Each structure stands twice: as C-alpha cells, then as structure tokens.
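Now for the letters of each chain:
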Amino acid sequence: MIPKIKRILHATDLSTNAVYSFQYAVDTAEKYDAEIIILHVIEEEPAAVRVYNIQERDVAALKEKALKELNRYIGEVFQNESQGRADCIKGIDVKEGYPAEEILKTVDEQNCDMIVMGDHGKGFLTHAFLGSVAERVLRSSRKPVLIIPLPEQ
C-alpha cells in the first residue's frame, strides 16, 4: 500500500526560477490535502575558503535575506487565489550547511512524506565536477522525490 502524502518538503535555492518548482509543491499539496514545509539551505563555506576569507560571514544577515526572498515568492504564487491556499504552508526554515544533507535531515525531523525540488540541468561538465544537490537527494532519500526541471527563461 502506498503511504498517504501528508507533509511535503519543498527545498529551494531561491533562484529566479525557484517559484516554478514551488508551484508544483503547492499543486501536489492541494491534490493530497497536505502541508508544505519550505527549506532553503545557505551553503556552508568549504574549509579551504574559510582559511583565506578574512572577513567573517554574516550568516544571520544571509538568513534574514533568504526569509524575505521566500516570503516574496510565496506571495507571488498566492497573489492569484486560483493557485491554491497559502494555509497549506506549515513552516519555513533557513539553515546553514550542505544542501543535500540538510534536506535529508529536515525530511526526517519534520516527518515529511515527499520532497519537491527544482533542478537546473547545468550541463555535463558542471555536473561532472560539482555534482548535483538534486541527484544526491534522489540517491539518498528514502522518501519519494519530485525533481522539477527548471525552465531556462
């Protein structure tokens, strides 16, 4: 028997096209009468970068900026009532760390049944050297993952 979808984690990088994948999360939540938890992860600086970085990184300011951007794009989706109900959003979280790890950790902490996230499809070379957060989540998750290819425009 397929488990009921009650809570969806929408992981976002706040890119210009991130609203597109959020619309899929909202639509899925509407269909299943589910809740949405929104997560943005501020990528932790690698140790090699921290050694050469003279100025301290203001994580609190980065989190505040991310929350403002999240609220802006939530408003953009729900400005038209036909897009769904804003009350399906049950939490917004901004964390610092490694995106794939934090996404998987949040799925467990928040007891999510599904993950919805966008993928940039940056091309073979970028993917070969840098990897993909979406791919790491997909390979490691024990929950269904809906990966939305983001439009190029």
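Residues numbered from 1 in each chain as written. Predicted model: local features only at pLDDT ≥ 70, side-chain atom pairs only at ≥ 80, totals over all residues. Heavy atoms only, no water.

**Topic: the nonpolar core**
Among the nonpolar cores identified, the biggest contains 25 residues, and I8, F22, I36, I38, Y73, F78 and I89 are the most heavily contacted of them. Secondary structure elements with two or more residues in this core: α1 (18-32), β2 (35-43), α3 (59-78), β3 (89-97) and β4 (114-119). Sequence-distant contacts of I8, defined by excluding residues within four places in its chain, comprise A25, T28, A29, A34, E35, I36, I37, C112, M114 and V116. Grouped together as the second largest cluster of nonpolar side chains are 14 residues, A11, I37, V41 and C112 included. (Core = buried A, V, L, I, M, F, W, Y, C linked by side-chain atoms within 4.5 Å. Buried < 20%, exposed > 50% of the residue type's maximum accessible area, 1.4 Å probe, protein only. Helix = DSSP H or I, 4+ residues; strand = E, 2+ residues; numbered from the N terminus. Contact = heavy atoms within 4.5 Å.)

**So, unusual backbone geometry**
Not every positive phi belongs to a glycine, and D33 is a case in point at roughly 55 degrees. Position of D33 relative to the elements: it lies in the loop between α1 and β2. Notably, N111 is not glycine yet its phi reads approximately 55 degrees, a positive angle. The topology assignment puts N111 in the loop between α4 (99-109) and β4. Among the residues examined, N111 registers a relative accessible area of 56% and is labelled exposed.

**Here's the deal with the sheet that holds strand β5 (residues 145-149)**
If you trace the five strands from one edge of the open sheet to the other, you get β3-β2-β1-β4-β5, paired in parallel fashion. Of all the strands in the sheet, the pair left with one neighbour each is β3 and β5. Taken pair by pair, the neighbouring strands of this sheet meet at an average axis angle of 20 degrees, ignoring direction. Where strand β1 (residues 7-12) and β2 come together, six bridges link them in parallel fashion. Residue pairing across strands places H10 opposite I38, the latter belonging to β2. Contacting β4 and β5, helix α6 (residues 133-140) crosses the sheet at an angle of about 155 degrees to β4. (Pairing = 2+ DSSP bridges. Axes fitted to C-alpha atoms, helices over the stretch in contact; angles between N-to-C directions.)

**What to know about α4**
Where α4 is concerned, the buried positions are P99, A100, E102, I103, T106 and V107. Down the axis of α4, the smallest arc covering the buried residues is 165 degrees, so these residues share one side. Opposite the buried face of α4, by more than 90 degrees, sit the exposed residues D108 and E109. Buried-residue contacts for α4 involve β1, β2, β3, β4 and α6. With its phi angle positive at about 55 degrees, N111 sits one or two positions after the end of α4. (Arc of directions from axis to C-beta.)

Any functional reading would require information beyond the geometric quantities listed.
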